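Topology and contacts: notes
Residue-level listing of the chains:
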Amino acid sequence: MLQSLTVLDLTSGLGAIAGRMLAELGATVTKVEAGAGDPQRADAPAFAAWNHGKRSSGADLAALVPQADMVIRNPGLDHAALLALNPRLIDVVLAPFLPGPNRDRPETDLTLMARSGLMAIVGDPDRAPLTMPGEQAHALGGIQAVIAALTALRHRRATGKGQLVEVSAYQAAVLANYREPLTWEWTGRVGARTGNLLVRGASGVRQVWRCKDGFVTWALVDNPPMMRGMVTVMGDAAGPLAEVDWNAILVADTPRPVLEAWEARVEAFFLERTRAELGELSARHGLGLSWIDAPADVLASPHLAARGLWREVDGMKLPGRLWVSSLDASAPSGHVPGLGEEDA
Amino acid sequence: MTLPLEGVKIADFSWVGAGPRATKDMADFGATVIKIESRKRLDLGRLSPPFAGKGRDPDASAFFAITNTSKMGVTINLGDPRGVEVAKKLVAWADIVVENFSHGYMDRVGLSFETLKSIKPDIIQVSVSVAGREGPLGTLRGYGNSAAALSGLAALSGWPDRDPHMPPFAYGDVVAPMFATVAMLAALEHRDRTGEGQHIDISQVEPLVHVLSDCLAREQAGGFAKPGNRSPSMAPHGAFPCRGKDQWCAIAVADDAQWTMLAELVGVGGDARFATLSGRKANEDALESLIADWTDGQDKHVLADRLSALGIAAEAVNDGRDVFTDPELATNGHYHRIDHPKLGRCDLPGPPMRFSAAEMRVENPPCLGEHNRAIFVDLLGMDPAEVDALVQEGALA
């Protein structure tokens, strides 16, 4: 889709996913690496994950920038100097914060997740707040950098001119926390961690369950057809659940002890069945249940394989395609660039 | 200064979160987005709290508002063939059609991609669904947790000694629309270069797999146990208790030099166990316990600022109030003030970026059917009497 686009990627860690996505869309993305190169090379799995499909060059920026459509980078270079080399250049700068009082404040993915409010609601009430797996504030900022870059590219079609686009990873993470600041703004309430209890009313319902060979997610919710479907498949095992008039109650406000008694029945039923069996029952009866895939299950998923998600990269399966298109998608090579290999 | 996407036209059939968040981006960047809704099948986002005022006015949901800024809105009943005919006029007008209905719905109402192409040969259609339309799970009916469950996110979340954890917000509804925005922009570029439209099928699962790429690489490079708050390359790296109920400060020490500074403050400067990263990792329980004893009772914001001034990454674990009132967001224009007939004067978030040579906007979300006349009569040129009749008869409702 972006075959004509030439991108210079000067990021390390924060923002690396941006060049990765643009390469997947057909752009020529070159990591510009002086000296020992991107420090993330020391972390080989992460480096492969965020950099496959890119090229690498140690050439001088002054030689590369005049031919490039865009630069994606972290702060540090002078925008005016880049623009002097190429007035059509789109210069995308991803940083923890937009320029301002916090521009030099040290940040990691963990501390951005804390400041965004996401950690306050992730995890269990009896323990410390938790971050999310991987580096989600960095990833969110990186995807926003792609949006910024392509929006500026569209604008350049109209104006013929490049520009500077600055992107805040912190604000990207705050947008992901879509409910908490909004809830405080409108109700004056702040959220708290509820573990695996889904809280929608005065009570809470369990949403992660052990089964015979792993875990599934399902919950007692105010969806009478779904609840009746579960009672039907449980048969005699439903016990008191069979007596409930789902149209007459609000599950979300039912006292926890009552729900716990019902959930004990469900737990016993799930423990005797596999993830696949429960998934099949859900598909057939509209139960709203999903099995929970561990990383090994995700890598082995027939569905994801059929959709062509994976790319073989140095003996690993890593996510390649961003989506499925009706156009034949040309796949970039599943290659992790050696330092400066483009210059050989 | 101009809006960067001025002139881009989007017919937005999407609802709830996974589609509307993407078209919000496009609208804030200047695209004309016409949101197609129906009173017969309300966008569930309009029924989501919090609401302005008492009751549940579908024009007063703040959740709907933050997801639909800068759009125009019309009501079309796609269950009525006359409504579908009007929808086709919007397809003819549009560059892009967006939808996130359940599998087969667009085909059933007569708006398949083949039909859209026959109306507008270079149309771009972006569809968002839980597991994608193609593939063995293409018909999967998704619920809130499906994307987290099927992507590995739930399995990798939570404490190492406990069950998988379901993060209490729909992260698939966050990341998939960002991919949809990228898809629209990339497809516009491709169309302008080649003249070709396309149908893009976005799954909510796959974007989550993408943002977990490093975890999957580690899994294959020797196994990856979920780490909770810990990091292989930094220690300490976690959240530590502070003064007040459920108040915490996150601290990430990047190297031995930073540790030396922190160790002096904590009063464990001479403890040789912690001098190197490998030593701190080997004694992480003891390390965290000593730091927690030191942080306990300190104000989370004061502590974070004090450590930051030393160059050590530290931030208060903010709650919703802390985030909404964070001066960083005010200083950098994260929130935009609107004046809305039902919501009143309020602040809604905009895109997390700024352009040196273009503007962005965050304008009112549409009330239900607010732009029916402007779109049906003024834009599409329909006869006002015909529009009134179709509204009365429920086809444009």
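Residues numbered from 1 in each chain as written. Chains lettered and ligands numbered in written order. Predicted model: local features only at pLDDT ≥ 70, side-chain atom pairs only at ≥ 80, totals over all residues.

This part takes up the overall build of chain B. For chain B, the count of helices and strands is 18 helices and twelve strands. Every one of the 397 residues in chain B was classed for burial, and the buried ones make up 56%. Partitioning the intrachain contacts of chain B with sequence separation of at least 6 by distance along the chain shows that 67% fall at a separation of at least 24. (Helix = DSSP H or I, 4+ residues; strand = E, 2+ residues; numbered from the N terminus. Buried ≥ 20, exposed ≤ 12 C-beta atoms within 10 Å, placed from the backbone. Contact = placed C-beta atoms within 7 Å.)

Here the focus is the domain arrangement of chain A. Partitioning chain A into domains gives domain 1 (6–178 + 307–343) and domain 2 (197–292). Taking only C-alpha atoms, the centre of domain 1 of chain A and the centre of domain 2 of chain A are 41 Å apart. (Domains from an automatic or database assignment.)

Looking now at the interface of chain A and chain B. Accessible area lost on assembly of the parts is the figure often given for the size of an interface. Facing 113 residues of chain A, the contacting portion of chain B comprises 111 residues. Broken down by element, the residue count for the side of chain A that touches chain B peaks at 14 residues, all from helix α7 (residues 136–159) of chain A. Taken together, the residues of the side of chain A that touches chain B break down into 66 nonpolar, 30 polar and 17 charged. In this structure, strand β6 (residues 163–168) of chain A lies alongside strand β12 (residues 353–355) of chain B, joined through three bridges in antiparallel fashion. Each residue of the ladder has a partner; that of Glu 166 of chain A, found in β12 of chain B, is Arg 354 of chain B. (Nonpolar A, V, L, I, M, F, W, Y, C, P; charged D, E, K, R; others polar. Pairing = 2+ DSSP bridges.)

Here we come to the nonpolar core. Among the nonpolar cores identified, the biggest contains 214 residues, and Val 92 and Ala 149 of chain A together with Cys 249 of chain B are the most heavily contacted of them. Here this core gets 13 residues from one element, more than from any other, and that element is helix α8 (residues 172–194) of chain B. Once you skip the residues sitting within four places of it in the chain, Val 92 of chain A turns out to touch Met 70, Val 71, Ile 72, Ala 145, Ala 148, Ala 149, Val 165 and Val 167 of chain A. Core analysis: the next-biggest nonpolar cluster, separate from the first, contains eleven residues, Phe 51, Ala 60, Phe 63 and Leu 343 of chain B among them. (Core = buried A, V, L, I, M, F, W, Y, C linked by C-beta atoms within 7 Å.)

In terms of domains, chain B is made up of domain 1 (9–211 + 333–392) and domain 2 (237–324). The gap between the C-alpha centroids of domain 1 of chain B and domain 2 of chain B is 42 Å.

All names here are of chain A. Where strand β9 (residues 208–211) and strand β10 (residues 214–217) come together, four bridges link them in antiparallel fashion. Bridge pairing links Trp 209 to Val 216 in β10. Following β9, the chain reverses through two residues before pairing antiparallel with β10.

Attention now moves to α8 of chain B. All names here are of chain B. Under the 1.5 Å per step criterion, the end-to-end length of α8 is 32 Å for 23 residues, consistent within 8% with the ideal 33 Å. Burial runs high along α8: 19 of the 23 residues are buried. Once α8 ends, the next one or two residues include Gly 195, with phi positive near 80°. (Expected span 1.5 Å × (residues − 1).)

Among the eight residues of helix α2 (residues 44–51) of chain A, seven are classified as buried, and the element is accordingly described as predominantly covered. Regarding α2 of chain A, the residues found buried are Pro 45, Ala 46, Phe 47, Ala 48, Ala 49, Trp 50 and Asn 51 of chain A. Where α2 of chain A is buried, its residues meet α1 (16–24), β2 (28–32), β12 (310–313) and β13 (316–319) of chain A together with α10 (213–220) of chain B. Directly beyond the C-terminal end of α2 of chain A, a positive phi value near 90° is found at Gly 53 of chain A.

All names here are of chain A. Here α7 crosses helix α8 (residues 169–176) at 105°, and the two axes come no closer than 8 Å. In terms of orientation, α7 lies roughly perpendicular with respect to α8. Mapping the contact onto sequence places Ala 137, His 138, Leu 140, Gly 141 and Gln 144 in α7 and Ala 169, Ala 172, Ala 173 and Ala 176 in α8. Classifying every residue of the contact of α7 with α8 gives six nonpolar, three polar and no charged. (Axes fitted to C-alpha atoms, helices over the stretch in contact; angles between N-to-C directions. Parallel < 35°, antiparallel > 145°, perpendicular 65-115°, else oblique.)

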